[in-house]
Amino acid sequence: ASGTVITGRRIPGSLDLSAGNITIDRSCVQPATGTIGSGLPVITTTDNNACTSAGCAVTPATVTISNSEIDGSMLSAHDAAFATGLIGIANMMNNYIHDLGSGIGLMNTGKTLDAVIEHNYITRLKAYGDGATTGNHSDGFTIRDFDAGTKPSRTVVVRNNRFDCNSGNDTGAFFIQTYAGNINNVTVTGNLLEGSGYNLGLNQDFGNTYTNVTASNNRFTPSGYGAAYVQGGLGWNSWSGNYLNDPSKGNNQGAVVPKP
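Report follows, based on the coordinates. (Residues numbered from 1 in each chain as written. Predicted model: local features only at pLDDT ≥ 70, side-chain atom pairs only at ≥ 80, totals over all residues. Heavy atoms only, no water.)

### Considerations on the sheet that holds strand β4 (residues 23-25)
Here 9 strands make up an open sheet; going across it, the order is β1-β4-β7-β10-β13-β16-β19-β22-β25 and the pairing parallel. Since the sheet does not close on itself, it has two edges, and those belong to β1 (5-7) and β25 (238-240), each with one partner. Neighbour-to-neighbour, the strand axes of the sheet open up by a mean angle of 10 degrees, direction not taken into account. Sheet topology note: the strand β19 (residues 183-189)/strand β22 (residues 210-216) ladder contains 6 bridges and is parallel. Within β22, the position partnered with N184 by the bridge is T211. (Pairing = 2+ DSSP bridges. Helix = DSSP H or I, 4+ residues; strand = E, 2+ residues; numbered from the N terminus. Axes fitted to C-alpha atoms, helices over the stretch in contact; angles between N-to-C directions.)

### Some thoughts on the environment of D79
When you line up the elements, D79 lands in helix α1 (residues 77-81). Judged by its relative accessible area of 15%, D79 falls in the buried class. Residues D79 and S38, spaced 41 residues apart in sequence, show a C-alpha to C-alpha distance of 5.6 Å. For D79, the residues in contact, after removing those within four places along its chain, are T33, G34 and S38. Only 3.1 Å separates the side chain of D79 from the side chain of H78, close enough to count as a polar contact. (Buried < 20%, exposed > 50% of the residue type's maximum accessible area, 1.4 Å probe, protein only. Contact = heavy atoms within 4.5 Å. Polar contact = N/O pair within 3.5 Å; in protein donor to acceptor, adjacent residues only side chain to side chain.)

### Some thoughts on the packing of aromatic side chains
The final tally for this structure, using the stated rule, is 10 aromatic pairs. Taking the centre distance of 4.9 Å and the plane angle of 80 degrees together, the rings of F141 and F174 count as edge-to-face. Of this pair, F141 sits in strand β15 (residues 138-143) while F174 sits in strand β18 (residues 170-177), and the two are 33 residues apart along the sequence. The pair F141 / F174 is uniform in exposure class, with both members buried. Taking the centre distance of 5.7 Å and the plane angle of 35 degrees together, the rings of Y198 and Y225 count as tilted. Of this pair, Y198 sits in strand β21 (residues 198-203) while Y225 sits in the loop between β23 (219-222) and β24 (226-231), placing them 27 residues apart in sequence. Relative accessible area serves as the criterion here: at 27%, Y198 is assigned to the partly exposed category. (Phe/Tyr/Trp six-rings, centres within 6.5 Å; stacked < 30°, edge-to-face > 60°.)

The structure is reproduced here in structure tokens:
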């Protein structure tokens, strides 16, 4: 229910936080096989019965998940690979998310709520099957809609996280794609982006657009296609201080990552 605070608990299943105004702190969400449906998230802020393809008014008030663990290690190999830690919109701070196909997905985010994604560590993502056919695709963190048309001041800040995407079926550590709607007002700063695919992708498609996206002071450790790419749209509004990650250098500043 709205107003719920859960702290210091192990939760052996999934969580529906679509009522909004809910806080999860210092807890471990650890679903077992059979407790979540195939392809569904461990935690959602989306009321799937009310949502439509045109978007939905999801959480009426902000959900906060902090200082917690989302652990897919008790799921079967198939269910873990096709699960995401969170889909919806929430403030996510200081969380450890692992052993799932994907980490965090901002999608069905509604029209009004801001989001802060800060100090999260996403790693040990899982693959299942052939990603080119019926297998899963792994994203450390992804944004698929964040429309500021109704509230122009609305923002999402993705700051000081470590996203490690190296499952073998990788889209990438951080993937911004207008799959489910327009995306506006995204700040990407101070993150460590690692793994296969591309570390940071920006893609305009499906008839939607992105605007006002900035990236600064991020570090990249590409082991797949490369550090960053842009496909469609106007590209990054601002791109500064982004480097390959080199622990032997001051501030880990390796080679400059040019604006894609």
